Amino acid sequence: APNAKLAVIGHPIKHSASPQMHQAALDAAGIDIQYIRVEVEPHQVEACFAEMERLGFIGCNVTVPHKLEAMDLCHELTEDAKALGATNTILFKDGKRIGHNSDGPGLAQAIYEDFGKSLTELRVLILGAGGGAGRAIATQCAREGSPAIYLSNRTVEKLEPIAESLTNEYGAKLVCTLSNATEDLTTAAARVDLIINSTSLGLHFEDPLPLPESALASSQMVYDAIYNPPLTPLLAKAQELGASTSNGLSMLLHQGAISFAFWLGQSPDLAAMRRGLNY
Ligand code: NDP
């Protein structure tokens, strides 16, 4: 496309909802630019950036599995990218690549919008804290000063270095790493206000819950980073028990809005972005 100047790169990329969301905001602002999706194999990120720069692209979003590789290819990083240790947004400017991360701040805004509470006041249990999204979410909770952060992950070995960084680099007050034992997860769930699923469990209808059903209670807030399907088994079960729930569309929306403003220097029309997502 001749006026393609923004993109999302990933592998696989065909299911990304970013193009429809950003295109709706670009159109609403009367900006004559196309936002496209580009399939990029691992280790082809540098070649892809070079080609985009040659074509005069403004920037791009970066998704799985390229968020770390992209960071290494940047000349400058914003505070958010440095803090979160990954980039999901790149700005091409004056021959430089500037890396940013809107996932963490986007999650914080999503939680505030969906539950009316700031991470600053919420004790949180993060399921899948060792994954890319989970790590960004855990770090954001620490940056916002969450009073307690419980971390769980299938591969428990990944948790210790993350917990250390939350405590040492971000001054998190109380960080606990959990085994996958039912009683540990149940005890932790009873001590928090908010449970966040950032595992990939729930992408498929037949997936098991990411935590034991007995850990769920009506007093909790339950956020699932997954947005497709919009109602995961976890959210369905939590709703049945009377908990407050929300899915990953709000995180997608707000990280997208932050990226848009980073590239274009103006805030997008959030209502247009929502319409682009049918949300
Ligand atoms: P990663 O591949 O980096 O991490 C996947 C996580 O899921 C890991 O913690 C992994 O544990 C865990 N996991 C995978 N399979 C299983 C299983 N069978 N049982 C238990 N745990 C499992 O992916 P991302 O972090 O990028 O994405 C995770 C989820 O977050 C996805 O569903 C994605 O859709 C969503 N997401 C939503 C965003 C939004 O804007 N709403 C943004 C980014 C992601 P282990 O370490 O043991 O492998």
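Residues numbered from 1 in each chain as written. Predicted model: local features only at pLDDT ≥ 70, side-chain atom pairs only at ≥ 80, totals over all residues.

- Naming follows an unreviewed UniProt entry, where the protein appears as Shikimate dehydrogenase (NADP(+)) of Rubritalea tangerina.
- Checking UniProt for the protein, the heading Pathway (unreviewed entry) contains the comment "Metabolic intermediate biosynthesis; chorismate biosynthesis; chorismate from D-erythrose 4-phosphate and phosphoenolpyruvate: step 4/7."
- Entered under Function (unreviewed entry) in the UniProt record, the comment concerning the protein runs "Involved in the biosynthesis of the chorismate, which leads to the biosynthesis of aromatic amino acids. Catalyzes the reversible NADPH linked reduction of 3-dehydroshikimate (DHSA) to yield shikimate (SA)." (UniProt positions renumbered as here; feature names shortened; annotations may be inferred.)

1. Notes on the sheet that holds strand 6 (residues 96-100)
Step number 1: Strand order in this open sheet of six strands is 2-1-3-5-6-4, and the pairing throughout is mixed. Each edge of the open sheet is held by one strand with a lone partner, namely strand 2 (34-39) and strand 4 (76-77).
Step number 2: Here four bridges tie strand 1 (residues 4-10) to strand 3 (residues 59-62), and the two strands are oriented parallel to one another. By the bridge assignment, Leu6 is partnered in strand 3 with Gly59.
Step number 3: With respect to the sheet, helix 1 (residues 18-28) is in contact with strand 1, strand 2 and strand 3, its orientation differing from that of strand 2 by roughly 165 degrees. (Pairing = 2+ DSSP bridges. Helix = DSSP H or I, 4+ residues; strand = E, 2+ residues; numbered from the N terminus. Contact = placed C-beta atoms within 7 Å. Axes fitted to C-alpha atoms, helices over the stretch in contact; angles between N-to-C directions.)

2. Focus: the domain arrangement of the protein
Step number 1: Per the domain assignment, the segments making up the protein are domain 1 (4-101 + 251-276) and domain 2 (104-247).
Step number 2: The gap between the C-alpha centroids of domain 1 and domain 2 is 26 Å.
Step number 3: Contacts between the two partners involve 13 residues from domain 1, matched on the other side by 13 residues from domain 2.
Step number 4: When contributions to the side of domain 1 that touches domain 2 are tallied by element, the ones reaching two or more residues are helix 4 (79-84) and helix 10 (249-264).
Step number 5: The element best represented in the side of domain 1 that touches domain 2 is helix 10, accounting for five residues.
Step number 6: Along the lines of polarity and charge, the residues of the side of domain 1 that touches domain 2 split into seven nonpolar, four polar and two charged. (Domains from an automatic or database assignment. Nonpolar A, V, L, I, M, F, W, Y, C, P; charged D, E, K, R; others polar.)

3. Side note on the pairing of strand 11 (residues 221-224)
Step number 1: Here strand 11 shows no split at all, with Met221 and Tyr223 on one side and Val222 and Asp224 on the other all buried.
Step number 2: As paired elements, strand 10 (residues 194-197) and strand 11 share four bridges and run parallel to each other. Pairing of Asn197 across the sheet is with Asp224, part of strand 11.
Step number 3: Relative to strand 12 (residues 244-247), strand 11 runs parallel, the two sharing four bridges. Within strand 12, the residue paired with Tyr223 across the bridge is Ser246. (Buried ≥ 20, exposed ≤ 12 C-beta atoms within 10 Å, placed from the backbone.)

4. Some remarks on the packing of helix 5 (residues 103-115) against helix 10
Step number 1: The contact between helix 5 and helix 10 brings their axes to 7 Å, and the two run at 130 degrees. The pairing of helix 5 with helix 10 is recorded here as oblique in orientation. Considering the relative orientation of helix 5 and helix 10, their crossing is right-handed. Along the contact surface, helix 5 presents Asp103, Pro105, Gly106, Leu107, Gln109, Ala110, Glu113 and Asp114, while helix 10 presents Ser250, Met251, His254, Gln255 and Ile258.
Step number 2: Looking at the contact of helix 5 with helix 10 residue by residue, the classes come out as five nonpolar, five polar and three charged. (Parallel < 35°, antiparallel > 145°, perpendicular 65-115°, else oblique. Left-handed = near helix turned anticlockwise from the far one by under 90°.)

5. Notes on the site of the ligand
Step number 1: Close to the ligand lie 24 residues; Gly131, Ala133, Arg154, Thr155 and Gly248 are nearest.
Step number 2: Sorting the residues of the shell around the ligand by element identifies helix 6 (132-144) and helix 10 as the ones contributing at least two each.
Step number 3: The residues that make up the shell around the ligand include at least three from each of domain 1 (4-101 + 251-276) and domain 2 (104-247). (Near = placed C-beta within 6 Å.)

6. Some thoughts on the UniProt feature "domain: SDH C-terminal" (unreviewed entry) in the protein
Step number 1: Annotation from UniProt places "domain: SDH C-terminal" (unreviewed entry) at residues 248-275.
Step number 2: Taken end to end, residues 248-275 is 79% helix and 0% strand, and its first and last C-alpha atoms sit 16 Å apart.

7. Observations concerning the sheet that holds strand 11
Step number 1: One open sheet holds the six strands; their spatial order is 9-8-7-10-11-12, and the pairing between them is parallel. Single-partner strands in this sheet number two, and they are strand 9 (175-177) and strand 12. Shown here is a sheet whose adjacent strand axes are inclined to one another by a mean of 15 degrees, direction ignored.
Step number 2: Along the sheet, helix 7 (residues 159-170) makes contact with strand 8 (149-152) and strand 9, crossing strand 9 at roughly 180 degrees.

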